Amino acid sequence: MNPEQLKGRSLVTLKNWTPDEIRYVLELSHSVKKAARTSTVHQRFVGKTLAMIFEKRSTRTRCAFETAFGEEGGHPVFLSTQDIQLGSKESVEDTARVLGRMFSAIEFRGFKQSTVETLAREAGVPVYNGLTDQYHPTQALADILTLQEIFGTVQGKKLCYVGDGRNNVARSLCVICAKLGINFTVIAPPELSTDRELLDECSQWAAESGSKIVVSSSLADVLAADAVYTDVWVSMGEEHAAAERKRLLSPFRVDEALMEKTRNPSCIFMHCLPAVKGEEVTVPVIEGHRSRVWDQAENRKHTIKAIMLATI
Ligand code: CP
Ligand code: NVA
């Protein structure tokens with residue numbers, strides 16, 4: 001893989017990134033993290049600017065982009081929808097063209113996937129998806145970096161996602177696992193299972209990588225998992241569905257009994273955070289010895305820095 005082919009590239013979903021390109025960014029993330037550990041200072045974004053558009057709230061993603069870009073000498077600018085015209089008084093296309101004239105790259109967190117895709121199409125600079133209703137690709141990269149740190153080789157490992165299988169995190173994990181040869185099992189009530197269209201797309205990549213994608217509603221399918229992953233029952237923007245979600249997902253809470261069902265004493269617990277402790281995961285699991293959630297959170301920054309280094 002020639003790293004030059006990533007210059008100018010956007011990351012709106014991992015679907016159009018090849019396995020080699022994803023592996024390259026992960027390798028770069030490991031070296032970025034190593035440099036951070038040894039306090040090695042680089043100034044690779046001096047004279048560069050990053051627009052950070054947020055329609056939804058964020059702790060990890062905002063702080064990861066802002067600190068990663070700033071500590072390399074770049075100038076990040078935070079823009080909430082209170083601050084800019086985005087799709088209200090000015091079309092997304094026009095906003096994209098203007099921002100593309102002023103910034104070296106753009107990050108977008110919000111509702112519609114079509115908004116980040118329009119930005120990427122029109123801006124003429126790299127655009128990064130910091131979460132939409134459909135995908136959360138930078139999260140998936142941090143999660144795989146975390147798995148690589150723990151297991152070394154991730155090919156053939158079993159990642160089991162339990163909960164809302166339709167959400168952005170589940171969908172991005174499905175894509176990255178299919179591309180990298182990681183066995184991915186999603187355990188969700190049928191009403192909240194991953195959509196057939198995405199599963200069909202993923203099955204093609206899985207056939208090439210040797211990954212097995214399994215969709216289930218039986219908790220027994222956590223058997224032999226190397227990692228059990230969950231996310232909130234109610235994603236941002238879906239608050240109206242909270243009662244229904246609780247009803248459907250209560251049997252899918254990750255507790256110690258479920259972790260035991262893996263029959264794998266080395267199985268780890270993962271969560272993208274923020275977590276609603278006591279809801280999708282119990283306190284003993286998220287605070288327990290299997291939990292790797294803080295490593296995942298830290299790895300957001302290293303992987304995000306690597307993506308920006310690779311593409312700007
Ligand atoms: N995991 C994640 O995206 O966290 P934030 O919502 O805090 O950015
Ligand atoms: N699925 C969650 C992820 C938060 C990082 C949400 O969209 O709210």
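Conventions adopted
Residues numbered from 1 in each chain as written. Chains lettered and ligands numbered in written order. Predicted model: local features only at pLDDT ≥ 70, side-chain atom pairs only at ≥ 80, totals over all residues. Heavy atoms only, no water. Pairing = 2+ DSSP bridges. Helix = DSSP H or I, 4+ residues; strand = E, 2+ residues; numbered from the N terminus. Axes fitted to C-alpha atoms, helices over the stretch in contact; angles between N-to-C directions. Near = heavy atom within 4 Å. Polar contact = N/O pair within 3.5 Å; in protein donor to acceptor, adjacent residues only side chain to side chain. Areas by Shrake-Rupley, 256 points an atom, 1.4 Å probe, with all protein chains shown as cover. 1 Å grid on protein atoms, 1.4 Å probe; cavity = no way out; pocket = protein on both sides within 12 Å on 5 of 7 lines; lining within 4 Å. Sits in = over half its atoms within 2 Å of the grid points. Points joined across faces, edges and corners; volume = space filled by probe spheres on them. Salt bridge = Lys/Arg side-chain N within 4 Å of Asp/Glu carboxyl O. Buried < 20%, exposed > 50% of the residue type's maximum accessible area, 1.4 Å probe, protein only. Contact = heavy atoms within 4.5 Å. Nonpolar A, V, L, I, M, F, W, Y, C, P; charged D, E, K, R; others polar. Left-handed = near helix turned anticlockwise from the far one by under 90°. Right-handed = clockwise from strand over helix to strand, strands pointing away.

Taken together, the five strands give an open sheet; going across it, the order is 7-6-5-8-9, and neighbouring strands pair in parallel fashion. Among the strands making up the open sheet, the edge pair consists of strand 7 (213-216) and strand 9 (268-271). Each adjacent strand pair in this sheet contributes to an overall mean axis angle of 20 degrees, direction not counted. Two strands pair when backbone bridges link them, and strand 5 (residues 158-162) and strand 6 (residues 183-187) are joined in this way by five bridges, in the parallel orientation.

Around ligand 2 sit L131, N167, N168, D231, V232, S235, M236 and L273, and those are all the residues in its vicinity. Residue D231 places a side-chain N or O atom 2.6 Å away from a nitrogen atom belonging to ligand 2. Measuring from an oxygen atom of ligand 2, one finds a backbone N or O atom of M236 at 2.8 Å. Considered on its own, ligand 2 offers 270 Å² of accessible surface; in the complex 95% of this is hidden by protein. Of all the cavities here, the one that holds ligand 2 is the largest pocket.

The next subject is the layout of surface pockets. Counted as a void, the largest pocket has a volume near 490 Å³. Only helix 2 (60-70) and helix 6 (168-180) provide two or more residues apiece to the lining of the largest pocket.

In the structure shown here, the tally under the stated rule is 24 salt bridges. Here R166 makes a salt bridge to E238, at a shortest N to O gap of 3.2 Å. Taken as a pair, R166 in the loop between strand 5 and helix 6 and E238 in the loop between strand 8 (227-230) and helix 8 (242-249) lie far apart in primary sequence, 72 residues in all. Under the relative-accessibility criterion, R166 is labelled partly exposed at 26%. Connected via shared salt-bridge partners are R44, E71, E72, K301 and K305.

Read across the sheet, four strands follow the order 2-1-3-4 without closing on themselves; strand pairing throughout is parallel. Only two strands of the sheet have a single neighbouring strand rather than two, namely strand 2 (75-80) and strand 4 (127-129). On average, adjacent strands in this sheet sit at an angle of 20 degrees to one another, irrespective of strand direction. Note: strand 1 (residues 49-54) against strand 2, six bridges, orientation parallel. What sits directly across from F54, in strand 2, is S80. Here helix 2 sits on the sheet in contact with strand 1, strand 2, strand 3 (105-109) and strand 4, set at roughly 175 degrees to strand 1.

Further remarks concern the site of ligand 1. Taken together, the neighbourhood of ligand 1 is formed by S58, T59, R60, T61, R109, H136, Q139, C272, L273 and R300. Separating an oxygen atom of ligand 1 from a backbone N or O atom of T59 is a distance of 2.7 Å. For ligand 1, a nitrogen atom lies 2.8 Å from a polar atom in the backbone of L273. For ligand 1, whose unbound accessible area comes to 250 Å², protein coverage reaches 96%. Taken atom by atom, the bulk of ligand 1 overlaps the largest pocket. Here the shell around ligand 1 is built from residues that sort into two nonpolar, five polar and three charged.

Let us now look at the environment of F269. Positionally, F269 belongs in strand 9. Judged by its relative accessible area of 0%, F269 is buried. For F269 and M236, which are 33 residues apart along the polypeptide, the C-alpha to C-alpha distance reads 22 Å. If we ignore the near neighbours within four places in the chain, the residues touching F269 are V228, T230, V254, M259, V281, V285, I286, R290, S291, R292, V293 and Q296.

The next subject is the packing of helix 1 (residues 19-37) against helix 11 (residues 293-311). The contact between helix 1 and helix 11 brings their axes to 8 Å, and the two run at 115 degrees. Helix 11 is crossed by helix 1, and the crossing has right-handed handedness. Contact residues: Y24, V25, L28, S29, V32, K33, A36 and R37 in helix 1; E298, N299, H302, T303, K305, A306, I307, L309 and A310 in helix 11. When its residues are assigned to classes, the contact of helix 1 with helix 11 shows nine nonpolar, four polar and four charged.

So, about the pairing of strand 3. Along any regular strand, the residues point their side chains to alternate faces of the sheet. In terms of burial, strand 3 is a largely internal element, five of the five residues being buried. Side chains of strand 3 alternate between two faces, with A105, E107 and R109 and I106 and F108 buried alike. Sheet topology note: the strand 1/strand 3 ladder contains five bridges and is parallel. Pairing of M52 across the sheet is with E107, part of strand 3. Crossover connection from strand 3 via helix 4 (residues 113-123) to parallel strand 4: handedness right-handed.

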